[in-house]
Amino acid sequence: MKNLLKKKTTRTDFLTYLGVIVAFVIMFALQQADMLKNSTQGMLVPVCCFVVMAVSLNLTVGILGELSLGHAGFMSVGAFSGIIAAMSLEQSIPSDLARLIIAIVVGAICAAIAGFIVGVPVLRLQGDYLAIVTLAFGEIIKELINCLIVGYDENGLHVMFNLSGKLSVENLNMTENGVAIIKGAQGAVGVDKLATFPMGFVLVMLCLVIVLNLVRSRTGRAILSIRDNRIAAESVGINVTKYRLMAFVISAAMAGSAGALFGLNYSTLSSTRFDFNTSILVLVYVVLGGLGNIWGSIIAAVVLYVLPEALREFNDYRMLVYAIVLILVMLATNNDQFKAMLGRILPKRRKGAAANG
Amino acid sequence: MTEFLNYLISGISLGSVYAIIALGYTMVYGIAKMLNFAHGDVIMVGGYVSFCAVFYLDLPGWLATILAIIVCTVLGVVIEGLAYKPLRQAGTLAVLITAIGVSYFLQNAAQLIWGTSTKSYASVMPGNLALGGVTIPYISILTIAACLIIMVVLTQFINRSKLGKAMRACSEDKGAAQLMGIHVNRTISMTFAIGSALAAIAGVLLCSSYTTLNPTTGSMPGIKAFTAAVFGGIGSIPGAFLGGILLGVIESMAKAYLSSALANSIVFAVLIIVLLVRPAGLLGKYVPEKV
Amino acid sequence: MKKRNVCAVAMAGAMCLSLLAGCGGESGDTADNAFKIGVIGPLTGDNAIYGNAVKYGAQIAVDEINALGGDIQLALKSEDDVAAADTSVNAYNTLKDWGMQVLVGPTTSGSSIAVASEANADRMFMLTPSGSSADITEGKDNVFQVCFTDPNQGTAAADYISENMPDSKIAIIYQNDIDYSQGIRNTFAAEAKEKGLEIVSEGTFTADTATDFSVQLTAAQAAGADLLFLPIYYQEASVILNQAKTMGFAPTVFGVDGMDGILTLPGFDTSLAEGVMLLTPFSADAEDEKTQNFVSEYKERYGEVPNQFAADAYDAVYIVYEGLKAAGCTADMSYEDICEALVGQITTMTFDGLTGADMTWTATGEVSKAPMAVVIENGTYVLP
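J.: Could you clarify how one ought to interpret the overall build of chain C in this entry?
T.: The helix and strand inventory of chain C stands at 11 helices and 15 strands. Scaling as 2.2 N^0.38, a compact globule of 384 residues should have a C-alpha radius of gyration of about 21 Å, and chain C matches this with 22 Å. Expressed as lengths along the three principal axes of its C-alpha atoms, the size of chain C is roughly 65 × 65 × 40 Å. Classification of the 384 residues of chain C by burial places 62% in the buried group.

Set out below in structure tokens:
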């Protein structure tokens, strides 16, 4: 054990786990003791969802090295399939927890399938072309779900695509006991709020275990080698397509599970929630946290999800301040002059950084 | 048949606007190798400036356009200098996120300056030309003409002028260009200036065709134009033109004959197919990776 | 690489914390003995116009009530939800932290549905000024609406057309990615079928394609439509009117309450709206004193003519005020108690407001008031 912890990557991984566990224990204890503000309490589950999103996107962008601008699409697939699963099983499985787990698994599987369908063509491309195609797929998923009408009655699921825009829930021809689950443009309405903070924590931990173990495994080294030099990796016999697809699908599946949790946290959800801006938002978490840096993604996701809420006092200037903070942080972390200036102002920090690095 | 012609004309007109925006995108991309997501918001600023010039100052349309061009050019150069220039050595993703920050900033600043309510933009060129059953709005003719002129002038400029040559040199190899005595930073700033001036023209034409203006007016056309630029082969000027026109026509036809709910999806699906067949876009140069 | 990441996170964290610390102490203009009323709406982003209208309308009502100097004093706080359901729940929680006792909001339907289920679980009285979907109030006894529900409007519009223009060939253009528009269209189409009206063409658009309507208009024109039904908001309607004119297509245009506001759109050529008919509960040009006062006050403060969202919010605050007064509530009561008192009051009261006379509420939360059909002539609303 001691030897194991000497290795720097292992130490970082353990610290990441530890940090997440400690944060959860503190927040959970505060929640149980009813000492949290309502606003903080309301953000616990979505923060978990976006942490998972950031970790999963980091797998694509940071570890696989491919820019994806449509990650919210997979979240959307996971959210809506999870909602369908949870709501259609309402009669047969009374336990909330069981339904939540099933919903998350279904969400992950559906998103993985979507990831595979998208991944096969997309991963033939490179760089910015790949980025624009992921953006395109994200938008296509959004519009397709926007046309989806789903209902459930004792005869099973009724699914319909409202391509002409002229259909509504009535066209599903459900029996009297039928429940409309997704009403086209309106999205899912009347969703049971099954999501819980402990489940969010479990999901975060699960994703961490998957990603961290993947990265430190033989597979992970293959993926990293593809990121660093695809041609060299190919020349030593690594199956580039297989590993790229594998990373992409795992990333999509995790996004799907996060989506399912997110969807079941609110009583309504519309597909426009998962638009290009949401994809970009998650990308910002990943870039700000550091490419390939898992714990950086976690912290960035938490801080940046909370930031707009924390800026509520600024009223109209809220998003303007957010934008300025974003630009300044990017400048501060990527410009050498700026960094040198910061170093002069904060000599202590520089020493600390030197000791760390 | 007349319906088909009407759809075609509206598609070409829409495509011309996309093409002008895509020209700005593609120029900046070709030289700075960055996706300037704030480009769409510069369009919005151009729209607001010309709106204010016409609505509050009672200036004629052409003067308002010139004013918008001046403001946007300055804005483009300032954005480049403050936000992008310090990141010249940084990774592409850092620049991308900064561009997104700039985009948020412009949208929210516009909201604070001009308010949240939508403005109705009076077309700089109202009226239409009726040819049999086919009606062609004058603004469509103007848009298409403007697009063609801009494309020809820009091609000549890039190929013939000294600055154009410098731009091409920078786009090929910045280091070598610098060694040849080209002021790389100034060249990039000039590219942003030209791109932003085009954005201002696009803003006036876009708002004239679609008559509304709000702080997020530029975002969707921006994304579409980006798609158009990639479609035609990003970095290529004729490619941006072709991509824009095709995108507009496909969108219009998809809306008319397939499904208006999925019009955007169809556009994006065509893009995906094209990229799978030609990974560098229609007119893009495919550069094989050197080992 | 590593160092940079540490630095990035530290910077972001530091900024966040400093911002948090910098503004922790603000308490607003809350008097101790005032009822705390929360407003939620999109104050930034694409739909900011609606949220701000609601915020301003509510503010005017609160100031008027406070100026009366009665026992009931109100404190108002507005939170932004960028029209997203999850952000709206965050806004709701923030307002609860502030000590909100009554919720006037959210502004948009999607947000209202999400917040309504929270408010129902918490037993917070919720009165949405402008959330029009029937799903908001369904199954929730403490959630009420000020505006018409979508189904109501669609049916009313079809009834009006079948009474006054039964032979028209109707074309519909609607936005199929918002439930407001899709909902009205669905009930309109169903009722039109019932009444034997002829719908010759239907065109749809989404928020992403809301700039170019030439395709939908060409299709409507080719189908020989002479009445264009637009169950959409006025921004898109203004584009449609503009483009229809450019194309030389001049049908009778029939709108719903989302059309209100078109005459005050900055830069809009109001001659384009000549002859447009719409069903609206509120008209800024109404002659009565209440409306006149509200409109002039709103113009003075915010430099714009109020739309129906502002009027709905103004009414909502007064409805709450009347309810509190009649129930004899005091500001130190808990929100659960206030909720029970208001639920009892609102289902028995009759309210005259800017957006309708003799408004009453059913126990399901739906408002009952008469829609008013107006036609635009010489740039103002007149009764047909």
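That covers the picture; the talk isn't over yet.
J.: Looking at this structure, I do not really get the overall build of chain A. What am I missing?
T.: Across its full length, chain A holds 15 helices and 5 strands. Rg of the C-alpha trace for chain A: 22 Å, near the compact-globule value of 21 Å for 357 residues, within the 12% margin. Each of the three principal axes of chain A carries a C-alpha extent, and together these read 70 × 55 × 45 Å. Here chain A holds 357 residues, and the buried ones make up 52% of them. Sequence-distant contacts, at least 24 apart, represent 76% of the contacts inside chain A between residues at least 6 apart.

J.: Any chance you could explain the pairing of strand β7 (residues 198-205) of chain C here in plain terms?
T.: Looking along a regular strand, one sees the side chains alternate between the two faces of the sheet. All names here are of chain C. Within β7, 6 of the 8 residues are buried, which leaves it mostly tucked inside the rest of the structure. Where strand β6 (residues 169-175) meets β7, 7 bridges bridge the pair, whose relative direction is parallel. Its bridge partner lying in β7, I170 is registered against I199. Remark: the β6/helix α6 (residues 179-195)/β7 crossover connection has right-handed handedness.

J.: Looking at this model, I keep getting lost on the interface of chain B and chain C. Mind explaining?
T.: Many authors give the size of an interface as the accessible area that is lost as the parts come together. Contact with chain B, which involves 32 residues of that partner, is made by 33 residues of chain C. The set of elements that each furnish at least two residues to the side of chain B that touches chain C consists of α1 (2-32), α2 (39-55), α4 (92-114), β1 (119-120), β2 (128-131), β3 (134-137), α10 (237-258) and α11 (263-277) of chain B. Top element by residues in the side of chain B that touches chain C is α1(B). It accounts for 5 residues. In terms of residue class, the side of chain B that touches chain C is built from 13 nonpolar, 16 polar and 3 charged.

J.: Any chance you could explain the sheet that holds strand β14 (residues 372-377) of chain C here in plain terms?
T.: Where strands meet in a sheet, backbone hydrogen bonds hold them as pairs that are either parallel or antiparallel. Residue and element names in this part refer to chain C. Spatial strand order, β7-β6-β8-β9-β10-β14-β15: 7 strands in an open sheet with mixed pairing. Two strands lie at the open edges of the sheet, namely β7 and β15 (380-382), each paired on one side alone. Taken over all neighbouring pairs, the strand axes of this sheet differ in orientation by 25° on average, direction set aside. For strand β8 (residues 227-230) and strand β9 (residues 252-255), the ladder comprises 4 bridges, and the chain directions are parallel. Counterpart to L227 in the pairing with β9 is T252. Strands in contact with helix α5 (residues 150-164) are β8, β9, β10 (277-280) and β14; relative to β10, the strand with the most contacts, it is inclined by about 140°.

J.: Just to check I follow, could you spell out the sheet that holds strand β3 (residues 102-104) of chain C for this structure?
T.: Residues and elements named next belong to chain C. If you trace the 5 strands from one edge of the open sheet to the other, you get β2-β1-β3-β4-β5, paired in parallel fashion. Looking at the sheet topology across the chains shown, the edges are occupied by β2 (73-80) and β5 (143-145). Pairwise comparison of adjacent strand axes, ignoring direction, gives a mean angle of 25° for this sheet. Those strands touched by helix α2 (residues 48-68) are β1 (34-41), β2 and β3, and its axis lies near 170° from that of β2. Packing of helix α4 (residues 109-122) onto the sheet brings it into contact with β1, β3, β4 (125-128) and β5, and relative to β4 it is tilted by some 165°.

J.: Even after reading the chapter, I still don't get the domain arrangement of chain C, so can you show me in this structure?
T.: Residue and element names in this part refer to chain C. Each assigned domain of chain C is listed here: domain 1 (34-148 + 290-370) and domain 2 (151-280). Each side of the interface is counted separately: domain 1 has 10 residues, and domain 2 has 11 residues. Considered class by class, the residues forming the side of domain 1 that touches domain 2 number 4 nonpolar, 5 polar and 1 charged.

J.: Would you mind going over α4(B) with me for this structure?
T.: Count 3.6 residues to each turn of an α-helix, and residues three or four apart come out pointing the same way. Residues and elements named next belong to chain B. The terminal C-alpha atoms of α4 lie 32 Å apart, and with 23 residues this matches the ideal 33 Å at 1.5 Å per residue to within 8%. The buried fraction of α4 is high, at 17 of 23 residues. Where α4 ends, the next residue or the one after it, G115, has phi of about 85°, a positive value.

J.: Before we go on, may I ask you to explain the confidence of the model for chain A in this structure?
T.: Note that predicted coordinates carrying low pLDDT should not be read in detail. Looking at chain A as a whole, its pLDDT mean stands at 87, while 94% of the residues score no less than 70. Here residues 349-357 of chain A is modelled with pLDDT under 50, and outside its nearest four sequence neighbours on either side it reaches 6 contacts, counting other chains as well.

J.: Can you walk me through the environment of C:I199 in this structure?
T.: Residues and elements named next belong to chain C. Following the sequence through the fold, I199 ends up in strand β7. Sequence spacing of I199 and A223 is 24 residues, and the spatial spacing of their C-alpha atoms is 9.7 Å. Those residues in contact with I199 that sit more than four places away from it in its chain are I170, I172, A189 and A192.

What counts and what doesn't
Residues numbered from 1 in each chain as written. Chains lettered and ligands numbered in written order. Predicted model: local features only at pLDDT ≥ 70, side-chain atom pairs only at ≥ 80, totals over all residues. Helix = DSSP H or I, 4+ residues; strand = E, 2+ residues; numbered from the N terminus. Rg over C-alpha atoms; globule rule 2.2 N^0.38 Å. Buried ≥ 20, exposed ≤ 12 C-beta atoms within 10 Å, placed from the backbone. Contact = placed C-beta atoms within 7 Å. Pairing = 2+ DSSP bridges. Right-handed = clockwise from strand over helix to strand, strands pointing away. Nonpolar A, V, L, I, M, F, W, Y, C, P; charged D, E, K, R; others polar. Axes fitted to C-alpha atoms, helices over the stretch in contact; angles between N-to-C directions. Domains from an automatic or database assignment. Expected span 1.5 Å × (residues − 1). pLDDT = per-residue confidence, 0-100.

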